[in-house]
Structure formats: structure tokens, C-alpha cells
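A closer look at the structure
Read off the chains here:
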Amino acid sequence: MASLWRYLLAGLGLGALLAGILAVVYLTTPQTAQLAGPDVSRSKKSDNGLFLASFEPERGVVRQGELESWLLTLKTTTGDPVEGAAIAVSGGMPQHNHGLPTSPQATDYLGDGRYRIEGVKFTMAGWWQLHFAISATAGSDTVVFNVVL
């Protein structure tokens with residue numbers, strides 16, 4: 001009977017040792033990064049680095065299902081406002097493989113590199129992209145902004 005207790009205690013000791021080793025391995029192993037979502041920054045360089053662009057809703061909040069105006073601000077790499085730019089807008093939902101439900105357009109130049117983009121409407125929750133093709137004195141470039149509702 002005493003040898004049975006010894007085997008039982010030895011088994012419990014080995015089990016505790018194994019659990020401790022597994023805990024140390026788990027806690028010291030780098031965890032796999034979760035899948036990162038799209039970059040939702042509101043300011044970035046254009047794709048070829050000609051412009052610094054920022055994009056924000058004119059009313060300060062994004063509203064699903066409502067026609068909105070947004071402000072696109074364009075600066076040169078030295079920080080000067082980009083004036084007289086021609087801006088084409090497109091976009092859609094990359095995961096749903098469809099475009100925008102409206103045809104947003106740059107309608108007004110507000111000064112200091114700020115352009116009003118009217119006709120933006122997000123009809124459902126999810127990941128949206130807005131693509132801007134910009135032509136100005138500095139050249140032509142593009143920038144993409146992600147919006148997640």
C-alpha cells in the first residue's frame with residue numbers, strides 16, 4: 001500500500017512539474033498577433049509621397065445612411081496648402097466587392113488646402129474605402145482612406 005502512495009505522489013509531482021513547464025513556455029512564447037484591421041488613420045502621405053492628406057467628416061462624426069460632406073485637406077511635403085487641385089473620388093466596400101452608392105465630388109475649395117467632398121454616404125456597417133486621385137501643380141498622385149463603421 002505504501003508503494004501505491006509513492007507512485008501516486010510521484011505521478012502528481014510529475015504532473016505539476018509538466019503543468020509548470022507548459023505554463024512557462026506559454027507565458028514566454030510571443031503570442032500570434034491578431035489580424036490587423038485596415039489602417040483608419042485620418043492623415044497620411046499620398047501613395048507617391050507628393051502630398052500630405054487628411055480626411056474628416058465635416059460635422060465631426062460619421063453617420064451611417066446619411067448623405068454627408070467631408071473635408072479633404074491637402075498640403076505639400078513642406079506643409080504649404082495645395083490650391084487649385086483637381087480631385088476625382090471613387091471607392092466602395094472591398095470585402096463586399098461593390099462601389100459607393102453615391103458619386104461623391106469635390107465641390108468647394110475652402111482655402112488653406114481644404115476641399116469639401118459632398119455626396120458621401122455609407123449605407124451599411126463595415127469597411128469602406130475612399131480613393132482620391134489628385135492632380136495639382138506638384139503632380140498627380142492618389143491616396144486611399146479607410147472608414148470602418
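Read on for a plain summary of the structure. (Residues numbered from 1 in each chain as written. Predicted model: local features only at pLDDT ≥ 70, side-chain atom pairs only at ≥ 80, totals over all residues. Heavy atoms only, no water.)

With respect to the sheet that holds strand β7 (residues 114-120)
Hydrogen bonds between backbone groups are what pair the strands of a sheet, and the pairing can be parallel or antiparallel. Strand order in the open sheet formed by 5 strands is β1-β2-β3-β7-β6, and the pairing between neighbours is antiparallel. Edge positions in the open sheet fall to β1 (43-45) and β6 (105-111), since each of these has one partner strand only. Pairs of neighbouring strands in the sheet enclose a mean axial angle of 25 degrees, with direction left out of account. As defined by bridge partners, strand β2 (residues 51-57) adjoins strand β3 (residues 68-76) across 7 bridges and the pair is classed as antiparallel. What sits directly across from Pro57, in β3, is Trp70. (Pairing = 2+ DSSP bridges. Helix = DSSP H or I, 4+ residues; strand = E, 2+ residues; numbered from the N terminus. Axes fitted to C-alpha atoms, helices over the stretch in contact; angles between N-to-C directions.)

Details of the sheet that holds strand β5 (residues 98-99)
Judged by pairing direction, the sheet is antiparallel, and its 4 strands sit side by side in the order β5-β4-β8-β9 without closing on themselves. Looking along the sheet, the strands with just one partner apiece sit at the ends: β5 and β9 (139-148).

Topic: the nonpolar core
Counting 24 residues, the largest nonpolar core has Leu72, Leu74 and Phe132 as the members making the most contacts within it. Those elements that place two or more of their residues in this core are β2, β3, β4 (86-93), β7, β8 (127-136) and β9. By residue number, the principal contributor to this core is β8, which donates 5 residues. Among residues more than four places away in sequence, those in contact with Leu72 are Ala53, Ser54, Phe55, Ile87, Gly113, Arg114, Tyr115, Ile117, Phe132 and Phe145. (Core = buried A, V, L, I, M, F, W, Y, C linked by side-chain atoms within 4.5 Å. Buried < 20%, exposed > 50% of the residue type's maximum accessible area, 1.4 Å probe, protein only. Contact = heavy atoms within 4.5 Å.)

A short note on the packing of aromatic side chains
Tallying each qualifying case throughout the model produces 7 aromatic pairs. Plain terms: the ring middles of Phe55 and Phe132 are 5.0 Å apart, the flat faces sit at 65 degrees to each other, and that makes the pair edge-to-face. One end of the pair, Phe55, is in strand β2; the other, Phe132, is in strand β8, with 77 residues separating them in the sequence. Each member of the aromatic cluster is reached from another via a ring pair, and the members are Phe55, Trp70, Phe122, Trp128, Phe132 and Phe145. Taking the ring centre of Phe145 as reference, the NZ or CZ of Lys44 above it sits at 5.2 Å. (Phe/Tyr/Trp six-rings, centres within 6.5 Å; stacked < 30°, edge-to-face > 60°. Lys NZ or Arg CZ within 6 Å of the ring centre and 35° of its normal.)

A short note on the pattern of salt bridges
Applying the stated rule across the entire model yields 5 salt bridges. The partner of Lys44 in a salt bridge is Asp39, with the nearest N and O atoms 3.7 Å apart. Counted as one network, the salt bridges with shared partners bring together Glu58, Asp108 and Arg116. (Salt bridge = Lys/Arg side-chain N within 4 Å of Asp/Glu carboxyl O.)

Points about the pairing of β3
Burial analysis of β3 places 9 of its 9 residues in the buried class, which makes it a mostly covered element. Alternating positions in β3 separate into two faces, Glu68, Trp70, Leu72, Leu74 and Thr76 on one and Ser69, Leu71, Thr73 and Lys75 on the other, with burial throughout. With 6 bridges connecting them, β3 and β7 associate as antiparallel partners. The residue bridging Trp70 from the neighbouring strand is Ile117, located in β7.

What about the pairing of β2?
A one-sided burial pattern is seen for β2, the buried positions being Phe51, Ala53, Phe55 and Pro57 and the unburied ones Leu52, Ser54 and Glu56. Pairing between β1 and β2: 3 bridges, direction antiparallel. Each residue of the ladder has a partner; that of Ser43, found in β2, is Ser54. The hairpin formed by β1 and β2 contains 5 residues between the paired strands, and Gly49 there has a positive phi angle of roughly 80 degrees.

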